[in-house]
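Coordinate inspection notes
The residues making up each chain are set out below.
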Amino acid sequence: MFAWLKERRRKRLLDDWAIPDAQWQAALHELPFLDHYDAAALARLRELSTLFLVEKNIVSGADDGPHALDVTPLMRIIIAAQACLLILGRDESVTEALHDYGGFDNVVVHPDDFPSTQDYEDEAGVVHTSDEMVLGESLPQGPVLLSWPAVEAGYEDSGMALVIHEFAHKIDLLDGEVDGIPPLHGEARRTFAHAIGAAFDDFRHRVEGDEDTAIDPYAAEDIGEFFAVSCEVFFAEPELLREEYPDYFGELRRYFCIDPVAGRILG
Ligand SMILES: [Zn+2]
């Protein structure tokens, strides 16, 4: 489709499918780390979330049976708002920012932990189906899968922002591989890679040394997980990341074009 046609269609959708005010406020109530965001940032987040909800199917992973999960409009908005936080400061136009999430259509919400769908290859080259239970997954060129109780728990209670985590993997995957580096080029890429590399090395050593870290030790797993976990902290507890890894915090701030401490989009 011609870009301008798509743009026009999306503008119309913003009017036709605007999130009702009461529902938007109810969703924000569940995301206290957005309390201090200014009106311009929240208005843009609402528009992005509206388009996200039009373009993505947020469906139940268990439609029937004893553990059936009904995905409500409020649940969809809570997921959309957090997914769109990662693209809030991107690009000039709201409609273009959605391009970062162009490679998939579905978000599947499970009633609980679920078995990983990702196969793995052992040292002998034999491919196994994983039976590991997981809270979330982000499949390359495929859907994002989420366990609703983990989303619902919220960062303040669980120390985890699962939606931000899984969509951070989507951002990382944009340039083809999970390497902890979002799609950046040239000097910007080198600077980012250096900052995340230094932060990850330090964090891994601290976790290996049995230090009790304020950031979830799962981030020491590999650099892709470090990126995803640190994105959670960047948005949900930004002072902590700024304190622990100021250089890397600055790189995330530049990439996302968001100052999460001040709660505003960088102009
Ligand atoms: Zn992960």
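For the structure itself, look to the data block above.
Figured I'd write up the structure that's included with this text. (Residues numbered from 1 in each chain as written. Predicted model: local features only at pLDDT ≥ 70, side-chain atom pairs only at ≥ 80, totals over all residues. Heavy atoms only, no water.)

**Examining helix H1 (residues 3-16)**
When the terminal C-alpha atoms of H1 are compared, their 20 Å separation across 14 residues agrees well with the 20 Å that a helix rising 1.5 Å per residue should span. Listed in full, the buried residues belonging to H1 are Arg10, Leu13 and Leu14. Looking straight down H1, one finds its buried side chains confined to an arc of 105 degrees; they lie on one side. Of the residues in H1, the exposed ones pointing more than 90 degrees away from the buried face are Trp4, Arg8, Arg12, Asp15 and Asp16. Summarising the contacts, the buried residues of H1 are in contact with helix H3 (39-55) and helix H5 (94-97). (Helix = DSSP H or I, 4+ residues; strand = E, 2+ residues; numbered from the N terminus. Expected span 1.5 Å × (residues − 1). Buried < 20%, exposed > 50% of the residue type's maximum accessible area, 1.4 Å probe, protein only. Arc of directions from axis to C-beta. Contact = heavy atoms within 4.5 Å.)

**Here's the deal with the coordination of the zinc ion**
Of the protein atoms, only His165 (NE2), His169 (NE2), Glu225 (OE) and Glu225 (OE) coordinate the zinc ion, at distances of 2.1 to 2.7 Å. Coordination at the zinc ion is irregular, judged from the four donor atoms that bind it and the angles of 53 to 144 degrees they form at the metal. Mapping the donors of the zinc ion onto the primary sequence yields the spacing H-x3-H-x55-E. Residue histidine 169 is located in helix H7 (residues 162-173), and its partner glutamate 225 is located in helix H9 (residues 223-236); the two are separated by 56 residues in the primary sequence. Across the pair, exposure class does not vary: histidine 169 and glutamate 225 are buried alike. (Donors = N, O, S within 2.8 Å, 3.2 Å for Na, K, Ca; no water. Tetrahedral: all angles 85-135°; square planar, octahedral: opposite > 155°, others 65-115°.)

**Notes on the sheet that holds strand S7 (residues 136-138)**
Overall, mixed pairing links the four strands, which are arranged S1-S2-S8-S7 in an open sheet. A single partner strand is all that each edge strand has here, and the edge strands are strand S1 (57-60) and S7. Taking the axes of each pair of neighbouring strands and ignoring which way they run, one obtains an average angle of 20 degrees across the sheet. Of the pairings in the sheet, the one linking S7 to strand S8 (residues 144-147) comprises three bridges and is antiparallel in character. Paired with glycine 136 across the bridge in S8 is leucine 146. In the packing of helix H6 (residues 148-158) onto the sheet, the strands contacted are strand S2 (106-110) and S8, and the crossing angle to S8 comes to about 70 degrees. Against the sheet, H7 makes contact with S2, S7 and S8, and its axis sits at roughly 165 degrees relative to S8, the strand it touches most. (Pairing = 2+ DSSP bridges. Axes fitted to C-alpha atoms, helices over the stretch in contact; angles between N-to-C directions.)

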